Amino acid sequence: MTGNVRLQELAVNESGFVFDPHTGLTYTANETARYVIEQMKAGSAVENIVEGIKAEFEADGRDVYRHVLEFIHNLQEQGLSSLEAPVE
Amino acid sequence: MSRKPYEKPMLVKHQLGMLNKFGSVPSVEPMVSIDGVAVAELLEKYGSPLFVFSEQSIVDKTEELNEAFKLRYPKTTVAWSYKTNYLDAICKVFHREGSWAEVVSEFEYDKAIHNGVPGSRIIFNGPLKPADALEKAFRNKSIVNLDNFDELQTAEEVAEKINEDVSIGIRVNLGTSATPPWGRFGFNLDNGQARDAVRRILAGGKLSLNGLHCHLGTFIQQPEAYQEQSAKLALFANWLREEHSITLDYIDIGGGIASCNTLHTQYLPGSQTTPPLSRFAEAVSSGLSELSCQPDDYPTLFLETGRALIDDAGYILTSVVANKRLPDGQRSVVIDAGVNILFTAFWYKHEIVPAQPVSGTPEQAIIHGPLCMNIDVIRPSLLFPPVEVGDKLVIKSVGAYNVTQWMQFITYRPAVVMISTSGEHALIRRAEELSTITDMEEVPGWLQD
Ligand SMILES: Cc1ncc(COP(=O)(O)O)c(C=O)c1O
């Protein structure tokens, strides 16, 4: 998904510190948020991101799908992602 | 490979003042128990939402207030302001701790009698005291503070009718440099109206004046206001003595001392901006040093402190019912306690904390109540950790005015519980149910089938 220009620009470090060179704003991303951003940068579809999270995190019984959609929506709203969530 | 703990994905924008240089957000301390009793246990037993009162907190605050004032003015008596919270169990704790009752209506007067308070330990204030209520209070030798000239006339008629010696006080209002004018109640002291009231009482010859009452306003954070108030009252007492040979039994400075809550208009938390009770005591005793009488003749100082004694003792335990994202991107957390039981949410930024350990990045949120009403906002904005449906929250410092001014609107008012000084807990008011409401109603014959 190299088409997601805005997201590709974001600098995300290991401790979750996010820098947007475009605006100079900074953010804190938690571990799952970092995972989603990395996966989106790599072009993964929502379904795969959700499956990936369930495999890496103890998310039993949690509505991960809803959380990921909400997160992606939030990125767009903050102007950090130029694309809709890609769906398979 | 073991999986890592899951947290909802979250990206939080850094704002000035919110983060330290490492980019971390201040953490919220959960409150899992109150006075040693688990919040989860209370909710399990009594349902959600739930009001909880700490007896220990009432005992401690009352002791603090008494000590602060008696150290500086030994003839101090605290009278519990019924309107602030008149649940019987709450009043009984105050009375057991030595407080008299301060009431502002006939209903409250009757409730104080019902709670076993001797009539002579009830202070009867308020702008409406019907003749029957005055008669009851005069016969019981209660302390009655008159509000206006018409009431003065009614009081004279009642005194004549019962043919007893009747003493009364007058309520006065006055300006201080720190409080907005509250001229609605009592006789104005600054413009001479209070002196006219005294002359009128003396001319009537049916009542004797034995006290002054003045309530400055509410949520007062400036001790100086009390210094000016008590100095003005002391000078008025001097004038009464010199001009009319009247020696007062009491000076009642009302309530109004701020609790440690935070107003919406305040930036710093109330715990940092509200001075300790000792500063108020200092201010009052310094004002009263204007009294020119002999120490033996010093009047009793009555305090009608309300919110500062009970706010911190009260909690609402509540449950998260939904997480929402509003169209403008804002996060909303919906809880099962609304403004109908927490109307002080309109004044205060009530502190809200989870009742279980939380993890995850806090994010700005609006806390909404469950009412079908746009104004049902418990906190318009606070930094709050992620919570899930079913999680329990504790809303702090809700003890004043909520359980007297609450409204039964589209739902039932919840149960109220007290935790004793020894950690027992018991219902002090049952939760309402359908019959609580319908028992009051009548369906006229033509609508019955
Ligand atoms: C006459 C009188 N006394 C005492 C109080 C208690 O005030 P607070 O709760 O602000 O201390 C009030 C409250 O309005 C009042 O009107």
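Residues numbered from 1 in each chain as written. Chains lettered and ligands numbered in written order. Predicted model: local features only at pLDDT ≥ 70, side-chain atom pairs only at ≥ 80, totals over all residues. Heavy atoms only, no water.

What follows deals with the packing of helix H5 (residues 131-139) of chain B against helix H6 (residues 149-162) of chain B. All names here are of chain B. Two elements in contact, H5 and H6, have axes separated by 10 Å at closest approach and are oriented at 55°. One way to sum up the angle between H5 and H6 is to call them oblique. Note on packing geometry: the crossing formed by H5 with H6 is right-handed. Contacts between H5 and H6 involve Ala131, Leu134, Glu135, Phe138 and Arg139 from the former and Thr154, Ala155, Val158, Lys161 and Ile162 from the latter. In terms of residue class, the contact of H5 with H6 is made up of six nonpolar, one polar and three charged. (Axes fitted to C-alpha atoms, helices over the stretch in contact; angles between N-to-C directions. Helix = DSSP H or I, 4+ residues; strand = E, 2+ residues; numbered from the N terminus. Parallel < 35°, antiparallel > 145°, perpendicular 65-115°, else oblique. Left-handed = near helix turned anticlockwise from the far one by under 90°. Contact = heavy atoms within 4.5 Å. Nonpolar A, V, L, I, M, F, W, Y, C, P; charged D, E, K, R; others polar.)

Turning our attention to the packing of aromatic side chains. Residue and element names in this part refer to chain B. Within the structure shown, the criterion is met by 16 aromatic pairs over all chains. With centroids separated by 3.8 Å and ring planes inclined at 10°, the aromatic side chains of Trp80 and Phe94 adopt a geometry described as stacked. Taken as a pair, Trp80 in strand E6 (residues 76-81) and Phe94 in helix H3 (residues 88-96) lie far apart in primary sequence, 14 residues in all. Look at Trp80 and you get buried, because its relative accessible area is 0%. For Phe94, a relative accessible area of 0% corresponds to the buried category. Between the aromatic rings of Phe219 and Tyr348, the centroid separation amounts to 5.4 Å while the plane-to-plane angle is 50°, which identifies the pairing as tilted. Taken together, the residues span a long stretch of sequence, with Phe219 in the loop between strand E12 (207-213) and helix H8 (223-244) and Tyr348 in the loop between strand E16 (331-335) and strand E17 (352-354) at a distance of 129 residues. Across the pair, Tyr348 and Phe219 agree in class, each one buried. One aromatic cluster is present, built from ring pairs that chain together Phe219, Phe343, Trp347 and Tyr348. Arg195 extends its terminal NZ or CZ atom over the ring of Trp239, reaching a point 4.5 Å from the ring centre. (Phe/Tyr/Trp six-rings, centres within 6.5 Å; stacked < 30°, edge-to-face > 60°. Buried < 20%, exposed > 50% of the residue type's maximum accessible area, 1.4 Å probe, protein only. Lys NZ or Arg CZ within 6 Å of the ring centre and 35° of its normal.)

Residues and elements named next belong to chain B. Neighbouring residues of the ligand: 15 residues in total, closest Lys83, Thr218, Gly256, Glu304 and Tyr401. In the model, an oxygen atom of the ligand is placed 2.7 Å from a nitrogen or oxygen of the Gly256 main chain. Note that an oxygen atom of the ligand is positioned 2.8 Å from one of the backbone N or O atoms of Arg307. Contact with the protein chains hides 93% of the accessible area of the ligand, taken as 400 Å² for the molecule alone. By residue class, the composition of the shell around the ligand is one nonpolar, nine polar and five charged. (Near = heavy atom within 4 Å. Polar contact = N/O pair within 3.5 Å; in protein donor to acceptor, adjacent residues only side chain to side chain. Areas by Shrake-Rupley, 256 points an atom, 1.4 Å probe, with all protein chains shown as cover.)

A separate point is the interface of chain B and chain A. On the side of chain A, 33 residues touch chain B, which itself brings 20 residues to the contact. Across the interface of chain B and chain A, roughly 2,500 Å² is buried in total on both sides, 50% from carbon and sulfur atoms. Of all residues in chain B, the largest losses of buried area upon contact with chain A belong to B:Arg3, B:Tyr6 and B:Leu11, amounting jointly to 36% of the total for that side. There are six salt bridges connecting chain B and chain A. The residue A:Glu56 makes a salt bridge to B:Lys4 at a minimum N-O spacing of 3.7 Å. On the surface where chain B and chain A come into contact, there are 19 residue pairs in polar contact (both at pLDDT 80 or more). Of all the secondary-structure elements, those providing two or more residues to the side of chain B that touches chain A are strand E1 (4-5), strand E2 (11-13) and strand E15 (314-325) of chain B. Broken down by element, the side of chain B that touches chain A gets its largest block of residues, three residues, from E2(B). Taken together, the residues that form the side of chain B that touches chain A break down as seven nonpolar, five polar and eight charged. (Buried area = accessible area lost by both parts, 1.4 Å probe. Salt bridge = Lys/Arg side-chain N within 4 Å of Asp/Glu carboxyl O.)

Packed helices, taken two at a time, are described by their axes: the angle between them and the distance between them. Residue and element names in this part refer to chain A. Contact geometry of helix H3 (residues 46-56) with helix H4 (residues 64-77) gives a least axis separation of 10 Å together with a crossing angle of 125°. Judged by the inter-axis angle, H3 sits oblique to H4. When you trace H3 past H4, the crossing you get is right-handed. Within the contact between the two elements, H3 uses Val46, Glu47, Ile49, Val50, Ile53 and Lys54 and H4 uses Val64, Tyr65, Val68, Leu69 and Ile72. Broken down by class, the residue content of the contact of H3 with H4 amounts to nine nonpolar, no polar and two charged.

With that settled, the discussion passes to the domain arrangement of chain B. Residue and element names in this part refer to chain B. Splitting chain B by domain gives domain 1 (33-52 + 313-431) and domain 2 (125-305). Taken together, the contacts link nine residues of domain 1 with eight residues of domain 2. Connecting domain 1 to domain 2 are zero salt bridges. For the pair domain 1 and domain 2, the interface holds seven residue pairs in polar contact (both at pLDDT 80 or more). Split by residue class, the side of domain 1 that touches domain 2 holds five nonpolar, two polar and two charged. (Domains from an automatic or database assignment.)

Sheet architecture is open: four strands sit in the order E1(A)-E2(A)-E3(A)-E2(B), paired in antiparallel fashion. Each of the sheet's edge strands pairs with one partner strand only, and the pair in question is strand E1 (11-12) of chain A together with E2 of chain B. Bridge count for E1(A) against strand E2 (residues 17-19) of chain A is two bridges, and the pairing is antiparallel. Bridging across to E2(A), A:Val12 finds its partner in A:Val18. (Pairing = 2+ DSSP bridges.)

All names here are of chain B. With an omega of -5°, the peptide bond running from Ser48 to Pro49 counts as cis. On the secondary structure map, Pro49 appears in the loop between helix H1 (39-46) and strand E5 (50-54). Non-glycine residue Asp35 carries a positive phi angle of around 45°. Examined against the element boundaries, Asp35 turns out to sit in the loop between strand E3 (33-34) and strand E4 (37-38). The exposure class of Asp35 is partly exposed, given its relative accessible area of 37%. Notably, Ser397 is not glycine yet its phi reads approximately 55°, a positive angle. You can see Ser397 is positioned in the loop between strand E20 (392-395) and helix H12 (402-405). For Ser397, a relative accessible area of 13% corresponds to the buried category.

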